[in-house]
Amino acid sequence: GGTILQNLHWSWIFLVNVPIGVIALFLAWRTLPQTDSGEAGRLDVLGLALLSTASTLLVYGLSQAGTHSSLTAPIVIWPIVAALVLAGVFCRHALRVEHPLLDVRLYKNRVFAAASLTTFGLGAALFGAMILVPLYYQEIRHESVIVTGLLVGPQGLGMLLVMPLTARLTQRFGGGRVAMGGVSILALGTIPLAFVGTHTSILYISLVLLLRGVGIGFSFMPAMTAAFASMRPEQLSDATPQLNVLQRIGGAIGTAVLAVVLQRATGHAVVKPVGAFQDAYWWSLGIAVLSLIPCLVLLRAENPSARLSRAAANAEAAVEPLGA
């Protein structure tokens, strides 16, 4: 990304997806097996229009809060109100059609509902905070875009280091428990960033980002694994896009909120530029802490299923010697 911004037009940030997408389609066509996926049904055009408009209005309303002195300004309030109304209309519509864009009936499953809330919260906690580190390096430390791109790498490295462990830990302890541990690490890794100054050691910041990456790695996949494990096979095609949509919407909302906080703090006459980033990171910590709530809900929702599974396994083990 830094190389593109420094050497090409900014629009290549989006255009670079075209050749990558072409290569991905070719590889998928050549390597993925042919399967009978069933009848997808007609595209829910009305649902697509309602949901996309609602999410756009919500993010727009939140982003306008940064350019207006009052949070109750009409340009802030009315888009958010309209977004909530359209979201309600979409839910009503989705319950009435056979093949809705997103099947809201899946939320009757407590584990899936809790895992979805966890994914939404993690999206807000992760993607919102991701805009702060690059801006800090460029605005406060005056690093180039290429160096900035490299300096955010430790967070991805932390995710890479723990990803092989998440499946085994989730299978042993459950997705809710592992995700709660991951979000706790993410929250703890955010606290040091709230104290960064103009001359804070880059090595220190990199180690903190590495820790945050570990927390992220222990958060996302366990929550999704718990959601998928609670679904019947025929429900997976509906569950997968819903988790992705919730993650993206959560990320958009988290980004908008932290961008507003940073912009309003930067415009304050008393706050120094680095102080604005510190304020934004305290908000980021708050978002991460709030993400613990759906993790707790997921943990409680998983427990009955886990007890039933253990009871069934114990009963099978008790019957087996009798059969022998």
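Residues numbered from 1 in each chain as written. Predicted model: local features only at pLDDT ≥ 70, side-chain atom pairs only at ≥ 80, totals over all residues. Heavy atoms only, no water.

Engineer: How do you make sense of empty space enclosed by the protein when you look at a structure like this?
Structural biologist: Empty space among the atoms can be located by rolling a probe the size of a water molecule over them. According to the stated counting rule, one finds one cavity of 30 Å³ or more in the structure shown. What the largest cavity holds in volume is close to 30 Å³. Lining of the largest cavity is provided by Val133, Tyr136, Leu193, Val196, Ile205 and Tyr281. A breakdown of the residues in the lining of the largest cavity according to their chemical character gives six nonpolar, no polar and no charged. (1 Å grid on protein atoms, 1.4 Å probe; cavity = no way out; pocket = protein on both sides within 12 Å on 5 of 7 lines; lining within 4 Å. Points joined across faces, edges and corners; volume = space filled by probe spheres on them. Nonpolar A, V, L, I, M, F, W, Y, C, P; charged D, E, K, R; others polar.)

Engineer: Hey, could you run me through the pattern of salt bridges in this one?
Structural biologist: Here the idea is simple: oppositely charged side chains can pair when their charged atoms come close. For the coordinates displayed, the defined rule picks out one salt bridge. Across the salt bridge formed by Arg105 and Asp103, the nearest N and O atoms sit 3.2 Å from each other. Taking the relative accessible area as the measure of exposure, Arg105 reaches 29% and is therefore partly exposed. (Salt bridge = Lys/Arg side-chain N within 4 Å of Asp/Glu carboxyl O. Buried < 20%, exposed > 50% of the residue type's maximum accessible area, 1.4 Å probe, protein only.)

Engineer: Quick question: what am I supposed to make of helix 10 (residues 175-190) here?
Structural biologist: Within an α-helix, residues lying three or four positions from one another point in the same direction, as the helix has 3.6 residues per turn. In this model helix 10 runs 22 Å from its N-terminal to its C-terminal C-alpha over 16 residues, within 8% of the 22 Å that 1.5 Å per residue would give. Taken residue by residue, helix 10 has Gly175, Gly176, Val178, Ala179, Gly182, Val183, Leu186, Ala187, Gly189 and Thr190 as its buried positions. (Helix = DSSP H or I, 4+ residues; strand = E, 2+ residues; numbered from the N terminus. Expected span 1.5 Å × (residues − 1).)

Engineer: Any chance you could explain the environment of Val133 here in plain terms?
Structural biologist: Note that Val133 resides in helix 7 (residues 132-139). We classify Val133 as buried; its relative accessible area is 8%. Remark: the alpha-carbon pair of Val133 and Leu209, spanning 76 residues in sequence, is separated by 9.2 Å. Discounting residues that sit within four places of it in the chain, Val133 has contacts with Val152, Leu209 and Tyr281. (Contact = heavy atoms within 4.5 Å.)

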